Amino acid sequence: MEDPKRQTLGWNLVERERKRELIDAIASGAANRGPAYVELDLNDRCNVACYFCNQQDVRTQSQIPLPRAVELIDELVLTGLRSVRLSGGGDPLFHKEIVGILDHLAERNIVIDNVTTNGVALTDDIATRLVENEARELILSLNAVDGEDYHRMMRVKPGLFDQALDNVRHLIELRGDAPKPAVVVQFLLDQDNLERVAEMYDLGRSLRPDRIAINMVLNIPGERIASGRLLTPGDIDRARPLIEEIFYRDLDAQLVQIDFPAPGWQEMLAAARVATGHEPLDLFPTAPTFKDENGGCFFAWYSSAVSGNGDLYPCCLLMQPDLEPLGNIRDASFAEQWNGPRYQTMRDEMRQVLLDPEGAAREPERFKILREPCIQPHSCWLKNIYFRADEEFYQELGTALDGVREKERVRAEARELKQRARSFIDRHPRWNSTWDLARERTRPLRTWIARRTGLPVTEEL
């Protein structure tokens, strides 16, 4: 049985043959037939205004109408869509016709891999469908421990906090002993609530979820409030006994997932686990065939994100005001844009990073679509963490990339050799006629070599 605590981004639904098609497309740089996984940000409307939200600055009041959502889902099914995430610039459950969309996804056998919501709009109709249609996971972005802190972090009436709690309790009651949807209660830490992390754990556990995720606010997009609210390395000593306390409380249940991707904090977590005997949840195992040099993002072939106003983006983390969308579903079919110039530029850039990660990291400014976290190693958790347990995939991907790298190396050496020959001829004009004769007589041989190896031996100097 699938572990309800494991996150997959729909990868477990992709057939082996399709993964091989994906590898072939990455190696060649060409477009494949379409995404297997799509994030549908169905509407840009949200009932909260979290100070840490990375999508507030691109939020509108738009939503994808039900007829267009149905049309889009049907089109994506034809090109191989297997699963979706319902998240948003806004809360997906605030879409006026969300029930109709859930019903259509079920009719087309599309798995809802994840729903990320603040829970306020998690009505009985929606909860019933998520349970009956076996949505894989629901993340409740609770973030705070009481109504007052909820108001501070999410800029909303404190009373909505209790409504969100009641709604998730109702869903868990509806689910009963069924494994799906797995329920994750998520909290976020900053300077103002760090001391209350044990209360967060107790509240989370009282809801009877499958996992309690505790993370830290990492940045404040657009500097909309002072960055002094963020935790810093100077807070590590203050945090350690608080973290140890929740580890002790969690020894019997093993519900806590904590991952602080910030300097010094991971080391503190490791030390706290040793001190308490708390075993980390191994939600993202790494296969022995996974290598960092092959760990670049391949979302340009696997996934896409659709915003509430129809804009297309590489992923949720690149929904940023300074990034021109890859297209819009109001302007053309998804397939036309998937095969269009903006997506192809993204594929070219991702392929460059996959083939030469060190070179790309030295020159991040040369990329038009990718941003620095896409290029620098260990800067984006999204680009490979869900896939790196796939031993066969990374074995085959590594072999394919090594083959392309070798061809690129040989091609570069051939170009260098030809440039040196041309330079020699330019310095010694009397060899020109000999060179032209040799080039003409070897043309059939060079054509044969080019067809067999792909080497640029037929290119004229």
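One structure accompanies this document, and this report is about it. Within each chain, residue numbers correspond to sequence positions counted from 1 in written order. Local features in this predicted model are restricted to residues whose pLDDT is 70 or higher, and side-chain atom pairs enter the listing and the counts only when it is 80 or higher, whereas totals over whole chains, interfaces and linings include all residues. Side-chain metrics in this entry use all non-hydrogen atoms of the structure; hydrogen atoms and water are not considered.

### Remarks on the sheet that holds strand β7 (residues 256–258)
Stated precisely, the cut-off is as follows: One requirement defines pairing of two strands: DSSP has to find at least two bridges between them. Numbering goes from the N terminus for both helices and strands, where a helix is a DSSP run of H or I of at least four residues and a strand is a run of E of at least two. Residue contacts follow a heavy-atom distance rule, with two residues in contact if any of their heavy atoms lie within 4.5 Å. In this description, a line fitted to the C-alpha atoms serves as the axis of each element, helices being fitted only across the stretch in contact, and the angle between N-to-C directions of two axes falls anywhere from 0 to 180 degrees.
Sheet architecture is open: 10 strands sit in the order β7-β6-β5-β4-β3-β2-β1-β8-β9-β10, paired in mixed fashion. Sheet topology places β7 and β10 (327–328) at the edges, where each strand pairs with a single neighbour. Contacts between helix α7 (residues 197–206) and the sheet are confined to β4 (137–143), β5 (182–189), β6 (211–216) and β7, with β5 contributing the most and set at about 165° to the helix.

### What about the nonpolar core?
It is characteristic of soluble globular proteins that their nonpolar side chains tend to be buried jointly. Spelled out, the test is: The term nonpolar core refers to a set of buried residues drawn from Ala, Val, Leu, Ile, Met, Phe, Trp, Tyr and Cys, joined through side-chain atoms within 4.5 Å. A 1.4 Å probe rolled over the protein chains alone gives each residue an accessible area, and that area as a share of the maximum for its type sets the label: buried under 20%, exposed over 50%, partly exposed in between.
Ranked by size, the top nonpolar core spans 128 residues in total, and within it Leu130, Leu142, Ile246 and Phe298 carry the most contacts. Setting aside anything within four residues of it in sequence, one finds isoleucine 246 in contact with Val197, Ala198, Tyr201, Ile214, Val256 and Ile258.

### Observations concerning the pairing of strand β1 (residues 37–40)
Side chains Tyr37 and Glu39 of β1 all project onto a buried face; the interleaved residues Val38 and Leu40 project onto the opposite face, where all are buried too. Two strands pair when backbone bridges link them, and β1 and strand β2 (residues 83–86) are joined in this way by four bridges, in the parallel orientation. Note that in β2 the partner of leucine 40 across the bridge is leucine 86.

### Quick word on the packing of α7 against helix α8 (residues 236–249)
The criterion, for reference: Orientation categories follow fixed angle ranges, with anything under 35 degrees roughly parallel, anything over 145 roughly antiparallel, 65 to 115 roughly perpendicular, and all other angles oblique. For a crossing to be left-handed, the near helix must be turned anticlockwise from the far one by less than a right angle; the clockwise case is right-handed.
Direction vectors running N to C along α7 and α8 enclose 25°, while the axes themselves pass 9 Å from each other. When the axis of α7 is compared with that of α8, the two are roughly parallel. At the point where α7 passes α8, the crossing takes the right-handed sense. Contact residues: Val197, Ala198, Tyr201, Asp202 and Arg205 in α7; Leu242, Glu245, Ile246 and Arg249 in α8.

### Brief notes about unusual backbone geometry
Geometrically, the link from lysine 180 to proline 181 is a cis peptide bond, its omega value of -5° lying close to zero. Checked against the element boundaries, proline 181 lands in the loop between α6 (159–175) and β5. Although it is not a glycine, arginine 208 adopts a positive phi angle of roughly 60°. By the secondary structure assignment, arginine 208 is in the loop between α7 and β6. In this structure arginine 208 comes out as exposed when scored by relative accessible area, which is 54%.

### Things to note about the environment of asparagine 294
Note the following rule: For the purposes of these results, a polar contact is taken to be a pair of N or O atoms within 3.5 Å, where, inside protein, one atom must be able to donate a hydrogen and its partner to accept one; residues adjacent in sequence count only when each atom of the pair is a side-chain atom.
Mapped onto the elements of the fold, asparagine 294 is located in the loop between α9 (265–276) and α10 (299–302). Taking the relative accessible area as the measure of exposure, asparagine 294 reaches 2% and is therefore buried. When the C-alpha positions of asparagine 294 and aspartate 402 are compared, they lie 9.3 Å apart, and in sequence the two are 108 residues distant. A polar side-chain atom of asparagine 294 sits 3.0 Å from a polar atom in the side chain of arginine 405.

### Considerations on the packing of aromatic side chains
Rules: Each aromatic pair joins two rings of Phe, Tyr and Trp (for Trp, the six-membered one) with centres within 6.5 Å, and gets the label stacked for planes under 30 degrees apart, edge-to-face for over 60, and tilted for any other angle. By the criterion adopted, a ring carries a charge over it if an Arg CZ or a Lys NZ lies within 6 Å of its centre and within 35 degrees of its normal.
Taken as a whole and assessed by the stated rule, the structure comprises 19 aromatic pairs. Ring geometry for tryptophan 11 and phenylalanine 393: centres 4.9 Å apart, planes at 80°, overall edge-to-face. Taken together, the positions of tryptophan 11 in the segment before α1 (16–28) and phenylalanine 393 in helix α15 (residues 391–427) put the pair 382 residues apart, joining distant regions of the chain. Comparing tryptophan 11 with phenylalanine 393, the two get one shared label, buried. The rings of Trp11, Tyr37, Phe284, Phe290, Phe298, Phe299, Tyr302, Tyr386, Phe387, Phe393 and Tyr394 are connected pair by pair, giving a single aromatic cluster. Here the basic side chain of arginine 347 rests over the ring of tryptophan 338, its NZ or CZ set 4.7 Å away from the ring centre.

### A few points about the layout of surface pockets
What counts, and what does not: A pocket, in this scheme, is an open set of points on a 1 Å grid over the protein atoms alone with protein on both sides within 12 Å along at least 5 of 7 lines, while a cavity is a set where a 1.4 Å probe fits but cannot get out; residues line either one if an atom lies within 4 Å of a point. Grid points are joined across faces, edges and corners, and a volume is the space filled by probe spheres set on the points. Classification convention: Asp, Glu, Lys, Arg as charged; Ala, Val, Leu, Ile, Met, Phe, Trp, Tyr, Cys, Pro as nonpolar; all other residues, Gly among them, as polar.
Reported here for the second largest pocket is a volume of approximately 210 Å³. In terms of lining, the second largest pocket is formed by 15 residues, of which the most central are Ile110, Val111, Ile112, Asn133 and Glu134. When the residues that make up the lining of the second largest pocket are grouped by side-chain class, the tally is seven nonpolar, three polar and five charged.

### Thoughts on the pattern of salt bridges
Cut-off, in case you're wondering: Within this document, salt bridges are pairs made up of a side-chain nitrogen of Lys or Arg and a carboxyl oxygen of Asp or Glu, the two lying within 4 Å of each other.
A complete count under the given rule lists 33 salt bridges for this structure. Notably, a salt bridge pairs aspartate 390 with lysine 19, separated by 2.7 Å at the nearest N-O pair. Taken as a pair, aspartate 390 in the loop between α14 (372–375) and α15 and lysine 19 in helix α1 lie far apart in primary sequence, 371 residues in all. On the accessibility criterion, lysine 19 (6% relative accessible area) is buried.

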